[in-house]
Amino acid sequence: RYDHKTVVIDGVGFAIEDQKAIDDLVDLQVYQSVALNEGSKPLSKHLIGLEYVIIDQSYLDYRNGKLPFIDNTGTLISMGGADPHALTADIARFVNTLSYARPATIVVGPAMNSHKFNGFSTIISPNTLASHMASSTALVTALGMTVYEALCVGIPVACTAWSEDHEATALKLEALGAITYLGQWDKIDWSKLVTFLNAMQNEYTRQMIGNIGMRLVDGLGVKRVADAI
């Protein structure tokens, strides 16, 4: 408000068609993405990479041991605030057919009709998913900031993608060993989800995957952005 600068902080999984047009309009761009503009030389007006992911304090409190994790064998399912392709119930029913993955707990956002999910363990419009991640064995979600929040906390993630733009990011994260990518929303690989949930029953495997995520998203993004500014 003092210097009249425009700073844009963007999330993950989108395509930029005209970078110069954006450059001309803003003073600084923060791209919280593992794949965006990969191979290009970052300019002084760009901060690009997972090291700049900005994570809410509630997740950092669990990551840093200020709040305790709760042992649980359940699977958390969060398809965003709106779940545009109505996948939540289908995934929850599928998870609940696997005795070792029970129980599935679903997150219902403000744009979803919670009455559709009677019979499921349901969390309605939480302010944060931090405590729910910390009491779950694994997370099934769609690519977005929720994935990076889970990586920061150290919770293993299986995710789908809403578009090809999201898929490029998901595939990069999978190549790094951080997540399991289930395919785009309309062609989910259910057998891959079974393999993931089965692997999550092994504590060593969970810790190993969780450690990869915590290294990639270390929770220091806010400080790095402030220092860069």
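Residues numbered from 1 in each chain as written. Predicted model: local features only at pLDDT ≥ 70, side-chain atom pairs only at ≥ 80, totals over all residues. Heavy atoms only, no water.

Some remarks on unusual backbone geometry
Convention followed: In this description a helix means any DSSP run of H or I spanning at least four residues, a strand means any run of E spanning at least two, and both kinds are numbered starting from the N terminus. Burial here depends on accessible area, computed with a 1.4 Å probe over protein chains only, as a share of the maximum for the residue type. Under 20% is buried, over 50% is exposed, and the range in between is partly exposed.
A positive phi angle is found at aspartate 83, which is not glycine, with a value near 45°. Mapping aspartate 83 onto the fold places it in the loop between strand 4 (75-78) and helix 3 (88-96). When its relative accessible area of 6% is taken as the criterion, aspartate 83 is described as buried. The phi dihedral of serine 125 is positive, around 45°, even though this residue is not glycine. Residue position: serine 125 is located in the loop between strand 6 (121-124) and helix 4 (130-133). Serine 125 sits in the partly exposed class, given a relative accessible area of 35%.

Quick word on the pairing of strand 4
Test applied: Two strands are counted as paired when DSSP detects at least two bridges linking them.
Residues of strand 4 alternate between two faces, with Thr75 and Ile77 on one and Leu76 and Ser78 on the opposite face, all of them buried. Pairing geometry for strand 4 and strand 5 (residues 104-108), over four bridges, is parallel. Counted as the bridge partner of threonine 75 is alanine 104 from strand 5. Here four bridges tie strand 4 to strand 7 (residues 138-142), and the two strands are oriented parallel to one another. Within strand 7, the position partnered with isoleucine 77 by the bridge is valine 140.

A few points about the sheet that holds strand 8 (residues 157-161)
Where we set the bar: The axes used here are C-alpha line fits, helices contributing only the stretch in contact, and every angle between their N-to-C directions lies in the interval 0 to 180 degrees. We call two residues in contact whenever any of their non-hydrogen atoms come within 4.5 Å of each other.
Ordered in space as 6-5-4-7-8-9, the six strands form an open sheet in which the pairing is parallel. Only two strands of the sheet have a single partner each, and these edge strands are strand 6 and strand 9 (179-184). Strand-to-strand twist across the sheet, computed as the mean angle between neighbouring axes with direction ignored, equals 20°. Pairing of strand 8 with strand 9, which is carried by four bridges, proceeds in the parallel orientation. Counted as the bridge partner of cysteine 159 is tyrosine 181 from strand 9. Lying on the sheet, helix 5 (residues 145-153) is in contact with strand 7, strand 8 and strand 9; it crosses strand 7 at an angle near 160°. Relative to strand 9, helix 7 (residues 190-199) is tilted by about 165°, and along the sheet it contacts strand 4, strand 7, strand 8 and strand 9.

Description of the confidence of the model for the protein
Low-pLDDT stretches of the model should not have their predicted coordinates read in fine detail. Selection criterion: Confidence of the predictor at the level of single residues is given by pLDDT, which spans 0 to 100.
Mean pLDDT over the protein stands at 88; residues scoring 70 or higher make up 91%. Across the protein, strand 9 holds the top mean pLDDT of 98, while helix 1 (residues 19-25) sits lowest at 81.

Quick notes on the packing of helix 3 against helix 7
Here is the rule: Geometric relationships in this document are graded by angle, where less than 35 degrees denotes roughly parallel, more than 145 denotes roughly antiparallel, 65 to 115 denotes roughly perpendicular, and other angles denote oblique. Should the near helix be turned counterclockwise from the far one by less than a right angle, the crossing is left-handed, whereas a clockwise turn marks it as right-handed.
Orientation of helix 3 relative to helix 7, taken along the N-to-C sense of each, is 55°, at an axis distance of 11 Å. By the angle between their directions, the pair helix 3 and helix 7 is classed as oblique. For the element pair helix 3 and helix 7, the recorded crossing hand is right-handed. Across from Asp90, Ile91, Phe94 and Val95 in helix 3, the residues of helix 7 making contact are Trp190, Leu193, Val194 and Leu197.

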